[in-house]
Amino acid sequence: MKTFILIASILFSHSMISAMETKIMVRAKARDAKFIGTSLGGAHIIIRNKLNQRILAEGNTTGSTGNTDLIMKTPRIRGNSIADEQTGGFMAAVDIDEPTFVNIEVISPLNSKQAQAVVSTELWLIPGKHILGEGIILEIPGYSIDILKPRTHQYISLRSIKDAPFLFQANIVMMCGCVIDKGGVWNSDEIEVRGILKKDGKFIKNVELSLVSANLFEGSHLISSPGNYELVLYAYHEKTGNTGVDKVNYVVYE
């Protein structure tokens, strides 16, 4: 029995000694935009052993969205990094004792549920062979959209809006939180923003929204009858294929 315990202890000690810390930098980058860092609440990173689904590391990206000129305006040359020490990322450290095939999953943006996307990749990790610098970058497509007016399930008196345009308003940003503005790096003139308006489940019309200030889009429609209304608002950029959607339901009563 003592011999068995001694052998088990030696084997356990050997496995602990042979396990090596392996570091992996993981970043989330918005499509056609910058990195997702602290300012937007970060992206959530999960690294799993593909064989048994055991979580090896988990955490949120922190840091800045990165250098706009470097990321968006400088031609990419092989070997040149678009990230620096301040750029948002998650530094994972896993202990492995043999080459391990892992799944890296990114959930982003963490604090914008209606815009949240899950993106993943798979790769081999080698004990003690770190993946640093720019690291592993996963691209997050889309726009983060928040309808501001009307509010969710808002009750609105028909008398209060009759014979006056009813205002629709939405805040739209890139998935990194980057600003959409007229003539800016992310040019509002290139983005189609439209609301699909329904009443009691039936289509009424498409409502065009246009930029009134940075990230803020507005449109209007004359509402003349009570009912249960739904607005499905989307943004679409043809060049990149970026899309985003938010929905709101509201009630107009007599």
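This one's a predicted model, so the numbers in the text were calculated from it and none came from an experiment. (Residues numbered from 1 in each chain as written. Predicted model: local features only at pLDDT ≥ 70, side-chain atom pairs only at ≥ 80, totals over all residues. Heavy atoms only, no water.)

A word on the environment of Thr243. Looking at the secondary structure, you find Thr243 in strand E18 (residues 242-253). On a C-alpha basis, the gap between Thr243 and Asp163 in space is 33 Å, while along the polypeptide they are 80 residues apart. Dropping the residues within four chain positions of it, Thr243 is found in contact with Gly142, Tyr143, Ala235 and Tyr236. (Helix = DSSP H or I, 4+ residues; strand = E, 2+ residues; numbered from the N terminus. Contact = heavy atoms within 4.5 Å.)

On to the environment of Lys34, then. With respect to the helices, strands and loops of the structure, Lys34 is situated in the loop between strand E1 (20-30) and strand E2 (44-49). Put simply, Lys34 and Thr152 are 118 residues apart on the chain and 30 Å apart in space, counted from C-alpha to C-alpha. Look past the residues within four positions of Lys34 in its chain and what remains in contact with it is Lys29, Thr65, Gly66, Asn67, Thr68, Ile71, Met72, Cys176, Cys178 and Trp186. Reaching out from Lys34, the side chain makes a polar contact with the side chain of Thr65 at a distance of 3.2 Å. (Polar contact = N/O pair within 3.5 Å; in protein donor to acceptor, adjacent residues only side chain to side chain.)

On average, residues of the chain score 93 in pLDDT, and 93% of them reach the 70 mark or higher. Throughout residues 4-8 the model reports pLDDT below 50, and contacts reaching past four residues in sequence, or to other chains, amount to zero contacts. Across residues 10-16, confidence stays below pLDDT 50; counting only partners more than four residues off in sequence or on other chains, it has one contact. (pLDDT = per-residue confidence, 0-100.)

The five strands lie next to each other as E9-E18-E17-E13-E14, forming an open sheet whose pairing is mixed. In this open sheet, the two edge strands, each paired with only one partner strand, are strand E9 (154-157) and strand E14 (202-208). Between one strand axis and the next, the sheet turns through 30° on average, direction left out of account. Of the strand pairs in this sheet, strand E13 (residues 191-199) and strand E17 (residues 227-237) are connected by nine bridges, and their pairing is antiparallel. Residue pairing across strands places Gly195 opposite Leu233, the latter belonging to E17. (Pairing = 2+ DSSP bridges. Axes fitted to C-alpha atoms, helices over the stretch in contact; angles between N-to-C directions.)

Here we take up the packing of aromatic side chains. Evaluated as defined, the whole model comprises five aromatic pairs. Each ring, one from Phe166 and one from Tyr250, has its centre 5.5 Å from the other, and the planes form 15°; the classification is stacked. Placement of the pair is Phe166 in strand E10 (residues 166-174) and Tyr250 in strand E18, with a sequence separation of 84 residues. With a relative accessible area of 1%, Tyr250 lands in the buried category. (Phe/Tyr/Trp six-rings, centres within 6.5 Å; stacked < 30°, edge-to-face > 60°. Buried < 20%, exposed > 50% of the residue type's maximum accessible area, 1.4 Å probe, protein only.)

Right, let's get into unusual backbone geometry. Across the junction of Ser108 and Pro109, the peptide omega takes the value -5°, indicating a cis bond. Locating Pro109 in the fold gives a position in the loop between strand E5 (100-108) and strand E6 (117-125). Cis peptide bonds are those with omega within 30 degrees of zero, and the linkage from Lys149 to Pro150 qualifies with 0°. Along the chain, Pro150 falls in the loop between strand E8 (143-149) and E9.

Scanning all chains against the criterion turns up 10 salt bridges. With a shortest N-O distance of 3.0 Å, Arg76 and Glu134 are connected by a salt bridge. Placement of the pair is Arg76 in the loop between helix H2 (68-73) and strand E4 (90-96) and Glu134 in strand E7 (residues 131-140), with a sequence separation of 58 residues. Across the pair Lys199 and Asp200 runs a salt bridge, and its minimum N-O distance is 3.9 Å. Judged by its relative accessible area of 46%, Asp200 falls in the partly exposed class. In the salt-bridge network here, residues are joined through shared partners; they are Glu192, Arg194 and Glu208. (Salt bridge = Lys/Arg side-chain N within 4 Å of Asp/Glu carboxyl O.)

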